[in-house]
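# Structural overview
Each chain, written out:
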Amino acid sequence: MTTRPRYDVAIVGGGMVGAVLAVALSEADFHVALVEAKQPKPLDPEAGYDLRQSAIAPGPRHLLENLGLWDRLPDNRICPFTGMKVWQADQDDELFLEHTAVGLPELGHIVENALVVDAAWQAFERVDVYCPAKMAALNVEAHAARLTLDDEQEITAALVVGAEGANSPVREAAGITTTGWGYGQRCTVGTVTPERHHRHIAWQRFTETGPVAFLPLADGRCSLAWHADDALADELAELDDDEFCRRLTEASGGVLGRIQHMGTRAAFPLKLMHAREYVQPRVAIAGDAAHVVHPMAGQGVNLGLLDVAELVAALEAGRAAGADAGEITYLKRYQRARMADNMMMLAATDGLKRLYGSHNPLLRSLRGLAISGASRLAPIRQIMISQAVGLSNDGPRLLR
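Residues numbered from 1 in each chain as written. Predicted model: local features only at pLDDT ≥ 70, side-chain atom pairs only at ≥ 80, totals over all residues. Heavy atoms only, no water.

### Considerations on the overall build of the protein
- The number of helices and strands found in the protein is 10 helices and 19 strands.
- Residue burial in the protein is summarised as follows: out of 400 residues, 53% are buried.
- Taking the contacts inside the protein whose residues are at least 6 apart along the sequence as the reference set, 74% of them involve residues at least 24 apart. (Helix = DSSP H or I, 4+ residues; strand = E, 2+ residues; numbered from the N terminus. Buried < 20%, exposed > 50% of the residue type's maximum accessible area, 1.4 Å probe, protein only. Contact = heavy atoms within 4.5 Å.)

### Thoughts on the sheet that holds strand β19 (residues 291–292)
- Taken in spatial order, the 8 strands of this open sheet run β6-β5-β13-β14-β15-β12-β16-β19, and their pairing is mixed. On the outer flanks of this sheet lie β6 (94–98) and β19, each paired with one strand and no other.
- Pairing between strand β13 (residues 201–207) and strand β14 (residues 210–216): 5 bridges, direction antiparallel. Opposite Phe206, over in β14, you have Pro211 as the bridge partner.
- Relative to the sheet, helix α6 (residues 241–251) contacts β12 (178–194), β13, β14, β15 (222–229) and β16 (259–275), its axis offset from that of β16 by approximately 65 degrees. (Pairing = 2+ DSSP bridges. Axes fitted to C-alpha atoms, helices over the stretch in contact; angles between N-to-C directions.)

### As for the sheet that holds strand β7 (residues 108–112)
- Read across the sheet, 3 strands follow the order β3-β7-β4 without closing on themselves; strand pairing throughout is antiparallel. Each of the sheet's edge strands pairs with one partner strand only, and the pair in question is β3 (53–56) and β4 (79–81). Sheet twist, expressed as the average angle between the axes of neighbouring strands with direction ignored, equals 30 degrees.
- The pairing of β3 with β7 spans 4 bridges and is antiparallel. Paired with Ile56 across the two strands is His109, which belongs to β7.
- Along the sheet face, helix α3 (residues 113–122) touches β3 and β7 and points at about 80 degrees away from the line of β7.

### Describing the packing of helix α1 (residues 16–27) against α3
- Two elements in contact, α1 and α3, have axes separated by 9 Å at closest approach and are oriented at 30 degrees. Classified by the angle their axes make, α1 and α3 are roughly parallel. The way α1 lies across α3 gives a crossing that is left-handed. Between α1 and α3, the residues in contact are Met16, Ala19, Val20 and Val23 and Asn113, Val116, Val117, Ala120 and Trp121, respectively.
- Considered class by class, the residues forming the contact of α1 with α3 number 8 nonpolar, 1 polar and no charged. (Parallel < 35°, antiparallel > 145°, perpendicular 65-115°, else oblique. Left-handed = near helix turned anticlockwise from the far one by under 90°. Nonpolar A, V, L, I, M, F, W, Y, C, P; charged D, E, K, R; others polar.)

### A word on the pattern of salt bridges
- Here the structure, examined in full by the defined rule, presents 18 salt bridges.
- With a closest N to O distance of 3.6 Å, Arg186 and Asp230 form a salt bridge. Note that Arg186 is positioned in strand β12 and Asp230 in helix α5 (residues 230–237), a separation of 44 residues in sequence.
- On the basis of relative accessibility, which here comes to 30%, the residue Asp230 falls in the partly exposed class.
- Residues Asp324 and Arg282 are paired through a salt bridge, measuring 3.1 Å at the closest nitrogen-oxygen approach. In this pair, Asp324 sits in the loop between α7 (300–320) and α8 (328–356) while Arg282 sits in the loop between β17 (279–280) and β18 (283–285), placing the two residues 42 residues apart along the sequence.
- The buried category is assigned to Arg282, whose relative accessible area is 7%.
- Beyond isolated ion pairs, a larger network of salt bridges with shared partners links Glu27, Asp29 and Arg126. (Salt bridge = Lys/Arg side-chain N within 4 Å of Asp/Glu carboxyl O.)

### Re the packing of aromatic side chains
- Under the criterion given, the structure shown has 5 aromatic pairs.
- Where Tyr7 meets Tyr130, the ring centres are 6.4 Å apart and the plane angle is 85 degrees; that geometry is what we call edge-to-face. Taken together, the positions of Tyr7 in strand β1 (residues 7–12) and Tyr130 in strand β8 (residues 127–130) put the pair 123 residues apart, joining distant regions of the chain. The same class applies to Tyr7 and to Tyr130, which are both buried.
- Summarising the aromatic geometry, the rings of Trp121 and Phe124 are spaced 5.2 Å apart at their centres and angled 45 degrees between planes, so their arrangement reads as tilted. There is no split in this pair, since Trp121 and Phe124 are both buried.
- The ring of Phe244 carries the charged tip of Arg265 above its face, separated from the ring centre by 4.2 Å.
- The ring of Phe30 is capped by Arg319, whose NZ or CZ atom sits 4.0 Å from the centre of that ring. (Phe/Tyr/Trp six-rings, centres within 6.5 Å; stacked < 30°, edge-to-face > 60°. Lys NZ or Arg CZ within 6 Å of the ring centre and 35° of its normal.)

### Topic: the nonpolar core
- Counting 78 residues, the largest nonpolar core has Ile11, Val20, Leu25, Leu147 and Leu315 as its most contacted members.
- Per-element accounting of this core gives the leading share, 9 residues, to α1.
- Residues in contact with Leu147, not counting those within four places in the same chain, are Ala10, Val12, Val35, Met135, Ala137, Leu138, Gln153, Glu154, Ile155 and Val160.
- Grouped together as the second largest cluster of nonpolar side chains are 22 residues, Leu224, Ala228, Leu232 and Cys245 included. (Core = buried A, V, L, I, M, F, W, Y, C linked by side-chain atoms within 4.5 Å.)

### Thoughts on the packing of α1 against α7
- At their nearest, the axes of α1 and α7 sit 10 Å apart, and the two run at 30 degrees to each other. Here α7 runs roughly parallel to α1, going by the angle between their axes. Between α1 and α7 the crossing geometry is right-handed. Residues Met16, Val17, Val20, Leu21, Ala24 and Leu25 of α1 touch α7, and the partners they reach there are Val301, Gly304, Leu305, Val308, Leu311, Val312 and Leu315.
- Considered class by class, the residues forming the contact of α1 with α7 number 12 nonpolar, 1 polar and no charged.

The values reported here are purely geometric and, on their own, carry no functional implication.
Structure below.
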C-alpha cells in the first residue's frame, strides 16, 4: 500500500538554520512540520547579550529580509560593521577591508543567534511544530519518509531535512558519512567592555596560539572570540575575571585599550567536518549537519543560510516540474549548488588556521607577506570583501 505523506517537508532541528528553512518553505506554500527537542526561551529585551553571535553578511541578510524576519529583530541589538582589520602579533603590516571597496553601506551586521531563532519561531503561522520532541527513528519508503518521534507519534513527509547540528541524528540514520578532524583548540566567547569604542570595526589579531577577535556590539561593547590551543584554553578557564581581562588586553595588543570587564564566558571545541553527500532519496541535510568550519572567518551561519536559499529554490523547481519534495533529481541540484562552495570555504578556513597556527619560521614569514601583499593591492582586497559579504545577483530569489 502506498504511503501518502502528510507533509511536503519535515525538518528536524529548530535552531537558526532549521527555523529559517521552515519559514522559507511555508512562505513558498509547502506544507511543513518542524521537530525540535527544546522550546527556545522567549526574547527578553532587558537580558544581556547571548553568548553566540554571528556576522550576518549582506547576502544572507537579504534572505532574512525577504522572509520578513529582519524587521522582527530589535534595532538596539543589531550592530552594523563597516570594516575588518586583521594583523599579526609580530608584524607591523595590517589588512583593512572596508565597505567602500564594494560600494556597500556596511560589510555585515553582528546579530545574536537567539534573536534570529526567536524571530523565526514567531513567524511559524503555517508550520506544524512538534516540541518538545526528538526523532527516534527514520524509515525511508518509496513515496515518503516516516519519522517516529520519542513520544511514539509518527510523521510522514515527502522529504525529511536534518538541520539539528553537527551531531545530526538524521544524517546518521540516513547513513551519510562525514570526514573531518579536531583542531586541538577551543574558542572562548563572551561580551567584553573595552576602554575604547570599537568604531564599528571587526578586529582580529593573530597570535601564536590562535586569533583573538572582537566583534562590535550596538552598545559599544564587543563580542569576544578567542581561539586558543587546548592547553591555553584550560589555563584561561581557571582565571578570575580581572586576570582574564589583563591577559586579553595583552593578547589583543591593547587595540581597544584596556579590557575593563568580561561578562559570562564559555568555551567550545573547534573542528572541521564535512558530509560526503548532502542528499539521498527523501532525505537532505543543511547547516552544521552538513558542514562545520573553523570560526576564524565567521562564515558558519552564513553558509547555513545560503543552504536554505538553495534548498528552497531546488524544491520550487521540482514542484514546477511536477515532482514532489523528495525527488532526488532536484535534491541533487541543491547538493551541486552548495557542496562546492562549502568545500571551498572549509579549505580556506582550514588553510588559514594551519598557516597562522604554525610555528614554522617559513610559514611565519609567508603569513606576514600575505597580510602585507593584500594590504597594498586594492584588487585583492576587493575580491576578499566580495567573497566575505556573500552577495549574489544570479543566485536564488531569496538572496536577491
